[in-house]
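Structural description and commentary
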Amino acid sequence: MDSDDLGLFGPGSVTWKVHEEPILIVAGLRSLYLQALHPRAMAGVAQNSNYRADAWGRLVRTSTYVATTIYGTTAEAEAAGARLRRLHERLRATDPFSGEEFRIDEPDLLRWVHVTEVESFLSTARRAGLPLTDDEVDGYYTEQRRAAALVGLDPATVPGTAAEVADYYETVRPQLRMTREAAETALFLTAPPLPWKLSLPARLGLTLGPPRWAYLGIAGTALALLPAWARRMYGGLGLPTTAVSADLTVRALRLAFAAVPRRYLEGPLIQAAKDRAAKDRAAKEQAATPLAG
């Protein structure tokens, strides 16, 4: 039954181990800073999205999609991928340099978004203190090829190990630019309008209330966690000391999240997945128990 299905990954996967980390909220922001450096990908977003008017709504929809692919049943994950593919296949954008019209579901663009996302998830979790062996790191990238297939990529064309991800970045870096759109997007990501309830202090004349300071801290950490070459493109120095400082900060954030009860950090998709996993485990234990008599 679909209600008992453990999804594309399931308990015991490296994917579940990584995505149980609340610190991945920082990773999601890091991936957006990286993605903005690709002019063609940035044009696709800017010309087809109202992210400035609905930044938090877009964040919620993206987070829900990722959670569905990670924790939903196989049918739920495949349905979410099909919806995304249908949306992408009808969208077009204009290249900011050549003037060429292109589809936003070009494999090169989908691959860029996928790699920056999963590499951000993994590297942020690891730098925050999640213990992962090198084999688990490669295992995560290999597992995530299943998520890449959902958006329409051939899994064989997607980096499946840490070495392949590093090679991919080296290959794509000559295409990256700090364009005006990238700079404007980075500025927006760093200081977006807060949801109404959180922006109430600003309405009272307190322009930098606690929610704003908290978000600025997360955004600054996300930027500092970028690879040195990406930080330099954003005007930073790319110094090793910046990376060390980022590691200390993200570890402190992970400890802070650890103090928050899980029920406040896990949405219904994660809770439902864990319930299915617990039922599956109980059923297996019962089946393995010899009958008395």
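All of the points below concern the structure found in this document. As the structure is a computational prediction, the values presented were derived from the model and not from experiment.

**So, the overall build of the chain**
Looking only at helices and strands, one finds 15 helices and 2 strands in the chain. For the chain, the C-alpha radius of gyration of 20 Å lies close to 19 Å, the compact-globule estimate for 293 residues. Taken over the C-alpha atoms alone, the chain extends approximately 75 × 45 × 35 Å along its principal axes. Relative to its full complement of 293 residues, the chain shows a buried share of 41%. Taking all contacts inside the chain whose residues are at least 6 apart in sequence as the whole, residues at least 24 apart take part in 73%.

**What to know about a positive patch on the surface**
Taken together, Arg83, Arg85, Arg86 and Arg90 make up a surface patch of like positive charges. In this structure, arginine 85 sits in helix H5 (residues 74-89). When its relative accessible area of 34% is taken as the criterion, arginine 85 is described as partly exposed.

**What about the layout of surface pockets?**
In this structure, the second largest pocket spans a volume of roughly 230 Å³. Along its surface, the second largest pocket is lined by 14 residues, and Glu119, Ser123, Tyr141, Val165 and Tyr169 are the ones closest to its centre. Broken down by secondary-structure element, the contributors of at least two residues to the lining of the second largest pocket are helix H6 (107-127), helix H7 (134-143) and helix H9 (162-172). Split into classes, the residues belonging to the lining of the second largest pocket amount to 9 nonpolar, 1 polar and 4 charged.

Thresholds applied
Throughout, residues of each chain are indexed from 1 in the direction in which the sequence is written. Where totals are concerned, whole chains, interfaces and linings use all residues; where local detail is concerned, this predicted model gives features only for residues with pLDDT of at least 70, and gives and counts side-chain atom pairs only at 80 or more. Only heavy atoms go into the side-chain values, all of them from the structure, while hydrogens and water stay out. Helix numbers and strand numbers start at the N terminus; a helix is a DSSP run of H or I with at least 4 residues, a strand a run of E with at least 2. Note on method: radius of gyration uses C-alpha positions; expected globular size equals 2.2 Å times residues raised to 0.38. The rule is simple: take the accessible area with a 1.4 Å probe, protein chains only, and divide by the maximum for that residue type; under 20% is buried, over 50% is exposed, in between is partly exposed. Two residues form a contact once any of their heavy atoms are found within 4.5 Å. Each patch is built from salt-bridge-free residues with over 30% relative accessible area, joining like charges within 9 Å and nonpolar side chains (Val, Leu, Ile, Met, Phe, Trp, Tyr) within 5 Å. Using a 1.4 Å probe, the Shrake-Rupley method yields the accessible areas, and only the shown protein chains count as cover for residues. By convention in these notes, a salt bridge is any Lys or Arg side-chain nitrogen within 4 Å of a carboxyl oxygen on Asp or Glu. Charged-residue counts in this description rest on Lys and Arg as positive and Asp and Glu as negative, His and the chain ends being excluded. In this description, the location of a charge corresponds to atom NZ of lysine, CZ of arginine, CG of aspartate or CD of glutamate. As defined here, a cavity is a set of points on a 1 Å grid over the protein atoms alone where a 1.4 Å probe fits but cannot get out. A pocket is an open set with protein on both sides within 12 Å along at least five of seven lines, and residues line them when an atom is within 4 Å of a point. Grid points are joined across faces, edges and corners, and a volume is the space filled by probe spheres set on the points. Put simply, Ala, Val, Leu, Ile, Met, Phe, Trp, Tyr, Cys and Pro go in the nonpolar bin, Asp, Glu, Lys and Arg in the charged bin, and everything else, Gly too, in the polar bin.

No statement about biological role is implied by the geometric values presented.
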